Amino acid sequence: MAGSRRPVIAANWKMHKTHLEAIQTVQKLSYLLDKKDADRVEVVICPPFTALRSIQTLLEADKLAYGLGAQNVHWEEKGALTGEVSAPMLAALRCRYVIVGHSERRQLFGETDQTVAKKVRAVFAGGMAPILCVGESLEERDSGRTESKVVGQVKAALAGAEPAQVAEAVIAYEPIWAIGTGRSAGPSDAGEVIALIRRTVGSMFSDQSAEAMRIQYGGSVKPGNIREFMAHPEIDGALVGGASLDPEEFALIVKYQ
């Protein structure tokens with residue numbers, strides 16, 4: 001990790017866990033992590049919408065120093081949008097982060113760079129920070145289009161943002177071919193793309209914003225490979241999917257040193 005950036009390790013539970021299972025998981029995690037772990041690494045829990053209120057109450061009641069994040073948001077503040085959730089609703093639950101532009105949202109639900117950009121703006125307007133997901137497919141990687149794809153996603157999503165907002169944002173580089181497949185990009189490959197992302201942010205805003213921004217790696221992160229990723233100076237944490245569902249595995253990831 002470069003400079004004074006504090007690593008951020010986020011648990012994306014996707015469509016798993018009822019609100020009761022979510023409570024049990026966070027309670028187990030709190031026994032496995034101590035204050036020193038939470039001081040060294042920012043831990044973020046992103047449960048399904050149905051568990052957000054339960055986890056918010058638990059975190060506040062037990063004074064647990066974990067950030068709360070949502071997995072999605074709509075760009076409108078309110079309206080006749082059945083099934084959607086707005087940024088003000090999430091902010092009222094004291095969500096600190098919102099995952100935006102995950103490849104599953106882009107691939108399965110047709111989200112485009114334009115809709116992702118509108119969601120990023122809504123998250124900023126709600127006083128929260130996006131965890132902006134970017135990444136290329138295997139076909140794009142093999143055809144040498146990683147740079148153009150990732151740079152295009154970053155530029156589209158952050159266009160029009162304020163430098164101070166960008167400094168608070170998190171970007172998760174998640175190569176699509178490594179999500180849930182058991183394959184992961186090597187630390188040097190991931191670090192190279194993350195350095196590219198940081199240069200792109202610097203060219204759009206300022207070197208200060210780029211240096212302040214934390215950029216994670218995501219894609220089949222496990223206790224067995226987290227240390228090598230975190231040893232790379234450009235990688236500031238991880239967005240963890242499947243391995244975050246087991247509190248013991250996730251605790252080992254957070255304790256990676």
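Details of the structure are given in the entry above.
Residues numbered from 1 in each chain as written. Predicted model: local features only at pLDDT ≥ 70, side-chain atom pairs only at ≥ 80, totals over all residues. Heavy atoms only, no water.

Peer 1: What exactly am I supposed to notice about the pairing of strand 3 (residues 67–70) here?
Peer 2: Taken residue by residue, a regular strand's side chains alternate between the two faces of the sheet. Here strand 3 shows two buried faces, one formed by Gly67 and Gly69 and the other by Leu68 and Ala70. A crossover links strand 2 (residues 42–46) with its parallel partner strand 3, the connecting element being helix 3 (residues 52–61), and its sense is right-handed. The pairing of strand 3 with strand 4 (residues 97–100) spans two bridges and is parallel. Its bridge partner being in strand 4, Ala70 is matched across the sheet by Val98. Regarding the hand of the β-α-β motif, the stretch spanning strand 3, helix 4 (residues 87–92) and strand 4 is right-handed. (Buried < 20%, exposed > 50% of the residue type's maximum accessible area, 1.4 Å probe, protein only. Helix = DSSP H or I, 4+ residues; strand = E, 2+ residues; numbered from the N terminus. Right-handed = clockwise from strand over helix to strand, strands pointing away. Pairing = 2+ DSSP bridges.)

Peer 1: What am I meant to see in the pattern of salt bridges here?
Peer 2: In a structure, side chains of opposite charge can pair up when their charged atoms sit close to one another. Inspection of every chain in the model, using the stated rule, returns 17 salt bridges. Ionic contacts of the salt-bridge type, sharing partners, join the residues Arg5, Arg198, Glu211, Glu234 and Asp236 into one network. (Salt bridge = Lys/Arg side-chain N within 4 Å of Asp/Glu carboxyl O.)

Peer 1: Teacher, can you tell me more about the sheet that holds strand 8 (residues 237–240) here?
Peer 2: Note: strands within a sheet are paired through backbone hydrogen bonds, in either parallel or antiparallel orientation. Reading around the barrel, the eight strands line up as 1-2-3-4-5-6-7-8 and close back on themselves, with parallel pairing between neighbours. Each neighbouring strand pair of the sheet contributes to a mean axis angle of 25°, computed without reference to strand direction. Alignment of strand 4 against strand 5 (residues 129–134), held across four bridges, turns out to be parallel. Bridged to Val98 within strand 5 is Pro130. (Axes fitted to C-alpha atoms, helices over the stretch in contact; angles between N-to-C directions.)

Peer 1: For this particular structure, what's the right way to read the environment of Ala125?
Peer 2: Inspection of the secondary structure assignment puts Ala125 in helix 6 (residues 113–125). Each C-alpha atom, one on Ala125 and one on Trp75, is 9.8 Å from the other, the two residues being 50 residues apart in sequence.

Peer 1: Help me understand helix 1 (residues 19–32), please; the structure alone is not making it clear to me.
Peer 2: The first and last C-alpha atoms of helix 1 sit 20 Å apart over 14 residues, in line with the 20 Å expected at 1.5 Å per residue. Residues of helix 1 that are buried include every one of Ala22, Thr25, Val26 and Leu29, and no others. Projected down its long axis, helix 1 carries its buried residues within an arc of 95°, all on one side. For helix 1, the exposed residues set more than 90 degrees away from the buried face come down to Leu20, Lys28 and Tyr31. On the buried face of helix 1, the contacting elements are strand 2, helix 3 and helix 13 (247–254). (Expected span 1.5 Å × (residues − 1). Arc of directions from axis to C-beta. Contact = heavy atoms within 4.5 Å.)

Peer 1: How should I be thinking about the packing of aromatic side chains in this particular structure?
Peer 2: Each pair of aromatic rings is reported with the distance of its centres and the angle of its planes. For the structure on display, the rule yields two aromatic pairs. Look at Tyr217 and Phe229: their rings are 4.4 Å apart centre to centre, the planes differ by 15°, and that puts the pair in the stacked class. Here Tyr217 is found in strand 7 (residues 214–218), whereas its partner Phe229 is found in helix 12 (residues 226–230), with twelve residues between them in sequence. The residues Tyr217 and Phe229 share a single accessibility class, namely buried. Across from the ring centre of Trp13, 5.6 Å away, lies the NZ or CZ of Lys17, which sits over that ring. (Phe/Tyr/Trp six-rings, centres within 6.5 Å; stacked < 30°, edge-to-face > 60°. Lys NZ or Arg CZ within 6 Å of the ring centre and 35° of its normal.)

Peer 1: Which parts of the structure should I look at to understand the pairing of strand 7?
Peer 2: Counting buried positions along strand 7 yields five of five residues, so the element is predominantly enclosed. Bridge analysis of strand 6 (residues 170–173) against strand 7 gives four bridges, and the strand direction is parallel. Note on strand 7: the bridge partner recorded for Val170 is Arg214. Here strand 7 runs beside strand 8; their pairing, made up of two bridges, is parallel. Within strand 8, the residue paired with Tyr217 across the bridge is Ala238.

On their own, these measurements won't tell you what the molecule is for.
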